Amino acid sequence: DWDFTTNLQDVLDLYLKENLQKTRNAKQVARVKQSVPSLFKKLAEHLPQGMRTHVEDLERSDVKQICETIWPNAPTRMRNTGTFSSAITAWNTAKPKKLLSNVFKGLVKQDEVKESTKKRRSFTPEELNLYRDSLRNESDNEIRLVGLMMIELGVPNGEALGLVRKDIKLKANPPHVIFRNNHMRILGKERLERAVPIVGELLGQMEEYIETLSTEWDLFFPKWFHGDGPTFSGRLSGHITNKREWDRKLTPYSARHTFKDRYVKAKVPEVIGKFLMGHKTEASSRIHDSYGTMKPPDEFVQYMSDIAGVVSDHGYFEEYD
């Protein structure tokens, strides 16, 4: 009566065992232990046999349809199917005599991701002001501050959420925040480590917030660092007012697109703007590498002040008759 077939639970168990033996920071461990089983569970809910589904019985077309239903956003779908693909690869490496067909490999095409990204747009000046005003009234300190940092510093929410206390230099001259690898997280491969000045209203908000933190917490955002990413983004999205429903969609990440429009309007050199956003290009990398440690933030204070002041007019937004 022994069942020699491989089911999803077998693949998950081995993947967890293999990955938890690797050297990882706290966030990576939490992702493996919490997020990966959650992904498998979501997929299993759409299969008649659940986690007992034989991997050999999975049809690529069926899996593709299920994944599109669960994760309609192409970048999210690519990231999650990549986890399944890695799990199958780990199984095949450990069990060369019981190789499995990897129906998840290349399931999402890069063109799908690019098309999804094109659907996102910048905030108009009016929408940005409405978004900022709404965030000011957010009762959750972490959500409010991350949202404002995304607007004023042009950072993705993941970079903000991964900050630790020593990355925040509010008593320095000038006050600044350092986006870098730390013991809790690793920046994305296409991001530069950089020190970015904090100016205007954001500085006051951060000073007030840090006074509420317990000294026992090393994380700057302890509540949401290990939280549910989609839920966090959903809370931010609830503050967005889309005044152009016929146009491309607005998301919290649109604040990063808008930051680019604002630094262009403020006549900040493109290479400086890309550096402040952490975009890794040949030119921005030269700025980063021009000092032995990190480019001093005082050289960017005026640029950040200029960007913060340009809120009444930025970008081009097509109108329709």
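This structure is a prediction, so every number in the text was calculated from the model and none was measured.

Undergrad: So what exactly am I meant to see when it comes to the pairing of strand β2 (residues 176-179) here?
TA: Each regular strand displays side chains that alternate between the two surfaces of the sheet. Along β2, one buried face is formed by His176 and Ile178 and the opposite face, lined by Val177 and Phe179, is buried too. Pairing geometry for strand β1 (residues 168-169) and β2, over two bridges, is antiparallel. Bridge pairing links Lys169 to His176 in β2. Sheet topology note: the β2/strand β3 (residues 194-197) ladder contains four bridges and is antiparallel. By the bridge assignment, His176 is partnered in β3 with Pro197.

Undergrad: Would you mind going over the packing of helix α7 (residues 141-153) against helix α9 (residues 201-210) with me for this structure?
TA: Relative placement of two packed helices is described by the angle separating their axes and the distance separating the axes. As a packed pair, α7 and α9 sit with axes 10 Å apart at the nearest point and diverge in direction by 155°. The angle between α7 and α9 falls in the class roughly antiparallel. Viewed along their axes, α7 and α9 form a crossing whose handedness is left-handed. Counted together, Asn141, Glu142, Arg144, Leu145, Leu148, Met149, Glu152 and Leu153 of α7 and Leu202, Gln205, Met206 and Tyr209 of α9 form the full contact between these two elements. Here the contact of α7 with α9 is built from residues that sort into seven nonpolar, two polar and three charged.

Undergrad: What should I look at first to understand a negative patch on the surface in this one?
TA: On the surface, a cluster of negative charge is contributed by Glu56, Asp57, Glu59 and Asp62. Counting through the fold element by element, Glu59 comes out in the loop between α2 (26-44) and α3 (60-70).

Undergrad: When you look at the side chain of Glu142 in this model, what are you seeing that I'm missing?
TA: Tracing the sequence through the fold places Glu142 in helix α7. One buried charge, Glu142, has no salt-bridge partner; the nearest side chain with opposite charge is Lys223, at 6.8 Å. A polar atom in the side chain of Glu142 sits 3.0 Å from the backbone nitrogen of Trp224. Contact partners of Glu142, with chain neighbours within four places excluded, come to Tyr209, Phe221, Pro222, Lys223, Trp224 and Phe232.

Undergrad: Is there a simple way to explain the packing of aromatic side chains in this structure?
TA: To describe a pair of aromatic rings, you give the distance between the ring centres and the angle between the ring planes. Under the definition given, this model contains 10 aromatic pairs. Ring geometry for Phe220 versus Phe221: centroids 4.9 Å apart, planes at 75°, classification edge-to-face. Residues Phe220 and Phe221 agree in their burial class; the two are buried. Taken together, Phe40, Trp71, Phe84 and Phe104 form an aromatic cluster joined through their ring pairs.

Reading guide: rules and limits
Residues numbered from 1 in each chain as written. Predicted model: local features only at pLDDT ≥ 70, side-chain atom pairs only at ≥ 80, totals over all residues. Heavy atoms only, no water. Buried < 20%, exposed > 50% of the residue type's maximum accessible area, 1.4 Å probe, protein only. Helix = DSSP H or I, 4+ residues; strand = E, 2+ residues; numbered from the N terminus. Pairing = 2+ DSSP bridges. Axes fitted to C-alpha atoms, helices over the stretch in contact; angles between N-to-C directions. Parallel < 35°, antiparallel > 145°, perpendicular 65-115°, else oblique. Left-handed = near helix turned anticlockwise from the far one by under 90°. Contact = heavy atoms within 4.5 Å. Nonpolar A, V, L, I, M, F, W, Y, C, P; charged D, E, K, R; others polar. Patch = residues over 30% accessible without salt bridge, like charges linked within 9 Å, V, L, I, M, F, W, Y side chains within 5 Å. Areas by Shrake-Rupley, 256 points an atom, 1.4 Å probe, with all protein chains shown as cover. Salt bridge = Lys/Arg side-chain N within 4 Å of Asp/Glu carboxyl O. Lys, Arg positive; Asp, Glu negative; His and termini not counted. Charge placed at Lys NZ, Arg CZ, Asp CG, Glu CD. Polar contact = N/O pair within 3.5 Å; in protein donor to acceptor, adjacent residues only side chain to side chain. Phe/Tyr/Trp six-rings, centres within 6.5 Å; stacked < 30°, edge-to-face > 60°.

These figures capture arrangement, not role.
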